[in-house]
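A look at the structure
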Amino acid sequence: MKLLASRLTSVALLVVLGLLAASCGGSDDSSTAPVSAEDAGFPLTFTNCGKEFTLDSAPERVLIMEPAAPSLLFAVGAMDRVVARIDDFSEEYYNPDEMAILDTVPALQAEFTSTGGAMISIETIIDYEPDIVIGYDTEIITHDALADVGIQLYVMPPFCDNPPEPSFESIVEEVRLYGRLFGTEEIANASAAQMEAAVTAAADSPVAEGKTAVALGVGTGGGPLYAYSSLGMVHPLMEALGMTNPFADFGERVFEVSLEEIIDRNPDILVLLYWEVDLPPEQVRALVTDLPGASSIKAVAEGKVYPLQFNFAEPPSPIVVRGLSVLGDQIAE
């Protein structure tokens, strides 16, 4: 069973790597010939966070605010349009060729909030003359504020006030939308199809079928534990691998949870989401397994505690498709 699971998750990973190769690979002269904005489907009207916007042409200068955003741009062949970035990017999420590209993108100086968001001025953004900013809105960076200086803000759907239900289907649709936004639909549709194949490969032979699993957000500060409901992308990730989430019905995406509540549900598997890039997996596990009473949890007693870097599970993006293989391979070992 473990050999079969390893093969299937490896297939899923190879499919996703093929996705990236297709996204970044070359093309013949006919596919790159200039086309008019009208022929490329512009002007294009789309909805973002419940508001309707129109692009007269595909953006040529992009500023990105979120570590998962490049995965979407790589998938549609538009990373060469990025002129600046705010966040750093973990090498776990991107292959060496992608990291080499990301390292050439100028990094803006920004202050970060306690929840991980970036505080940056409109003037700093204007200096890079982007057509579009991709990420999230803040008290300063809003649709209206950027529109006043001729810049479009695209808030990634998970960061909208009323985000859509997370799913692998939503990731695929987002890739297709980016293909329309950037006039690269052929590349985007091919990437979307490969993602669908990767998810199907994992779901057809789940490595943790019939197991219960709790996903916890953990940090090095020794603070409270946070569990994820069905409103987090980690939920469909676990479902695709065969797991059932006993906290699925909670009304909040993520919520504080006591060790006693986890003990009461006694999951077979614990998935630990963490943010610190350089934190060893053993240290991540210890954040939970060393807690008094944690040994009574079946997952801890049987060594089924799996650290997973945050963007492999949240927010919905092509990185989560890779997360299927990353988590699946840990479980199958």
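Data block above holds the structure.
Residues numbered from 1 in each chain as written. Predicted model: local features only at pLDDT ≥ 70, side-chain atom pairs only at ≥ 80, totals over all residues. Heavy atoms only, no water.

One pass over the structure, following the stated rule, counts 1 disulfide. At a sulfur-sulfur separation of 1.9 Å, the disulfide partner of C49 is C160. Classification of the bridge connecting C49 and C160 rests on its S-S torsion, roughly -80°, and on that basis the disulfide is left-handed. Of this pair, C49 sits in the loop between β1 (44-48) and β2 (51-55) while C160 sits in the loop between β8 (152-155) and α7 (168-181), and the two are 111 residues apart along the sequence. Residue classification places C49 among the partly exposed residues on the basis of a relative accessible area of 31%. (Disulfide = S-S within 2.5 Å. Helix = DSSP H or I, 4+ residues; strand = E, 2+ residues; numbered from the N terminus. Buried < 20%, exposed > 50% of the residue type's maximum accessible area, 1.4 Å probe, protein only.)

This next bit is on the packing of α7 against helix α8 (residues 185-204). Here α7 crosses α8 at 170°, and the two axes come no closer than 7 Å. Comparing the axis directions of α7 and α8 gives the class roughly antiparallel. Mapping the contact onto sequence places F168, I171, V172, V175, R176, G179 and R180 in α7 and E185, A188, N189, S191, A192, M195, E196 and V199 in α8. Split by residue class, the contact of α7 with α8 holds 8 nonpolar, 3 polar and 4 charged. (Axes fitted to C-alpha atoms, helices over the stretch in contact; angles between N-to-C directions. Parallel < 35°, antiparallel > 145°, perpendicular 65-115°, else oblique. Contact = heavy atoms within 4.5 Å. Nonpolar A, V, L, I, M, F, W, Y, C, P; charged D, E, K, R; others polar.)

The next thing to look at is the nonpolar core. Proteins that are soluble and globular tend to have nonpolar side chains buried together. Counting 69 residues, the largest nonpolar core has L73, I134 and F168 as its most contacted members. Every residue in contact with I134, bar those within four places of it in the chain, is listed here: V62, L63, I64, M65, E66, A69, L73, Y154, M156, Y178 and F182. Membership of the second largest hydrophobic core comes to 21 residues, among which are F247, L259, A294 and V305. (Core = buried A, V, L, I, M, F, W, Y, C linked by side-chain atoms within 4.5 Å.)

Time to look at the sheet that holds strand β7 (residues 132-135). Where strands meet in a sheet, backbone hydrogen bonds hold them as pairs that are either parallel or antiparallel. Across the sheet, 4 strands lie side by side as β4-β3-β7-β8; this open sheet has parallel pairing. If you trace the sheet from one side to the other, it starts and ends with β4 (82-85) and β8, each paired once. With direction set aside, neighbouring strand axes in the sheet form an average angle of 20°. Relative to β8, β7 is paired through 4 bridges, and the arrangement is parallel. Each residue of the ladder has a partner; that of I132, found in β8, is Q152. (Pairing = 2+ DSSP bridges.)

This brings us to a negative patch on the surface. Side chains of E91, E92, D103 and D278 sit close together on the surface and give a patch of like negative charge. Along the polypeptide, E92 turns up in the loop between β4 and α4 (96-103). (Patch = residues over 30% accessible without salt bridge, like charges linked within 9 Å, V, L, I, M, F, W, Y side chains within 5 Å. Areas by Shrake-Rupley, 256 points an atom, 1.4 Å probe, with all protein chains shown as cover. Salt bridge = Lys/Arg side-chain N within 4 Å of Asp/Glu carboxyl O. Lys, Arg positive; Asp, Glu negative; His and termini not counted. Charge placed at Lys NZ, Arg CZ, Asp CG, Glu CD.)

The next point concerns the sheet that holds strand β13 (residues 305-309). With mixed pairing, 5 strands are arranged side by side in an open sheet as β11-β10-β9-β12-β13. Edge positions in the sheet fall to β11 (254-257) and β13, since each of these pairs with one other strand and no more. Across this sheet, the average inter-strand angle for adjacent strands is 35°, counted without regard to direction. Two strands pair when backbone bridges link them, and strand β12 (residues 269-274) and β13 are joined in this way by 5 bridges, in the parallel orientation. Counted as the bridge partner of L270 is V305 from β13. Contacts from helix α13 (residues 318-332) reach β12 and β13, with the element oriented near 160° to β13.

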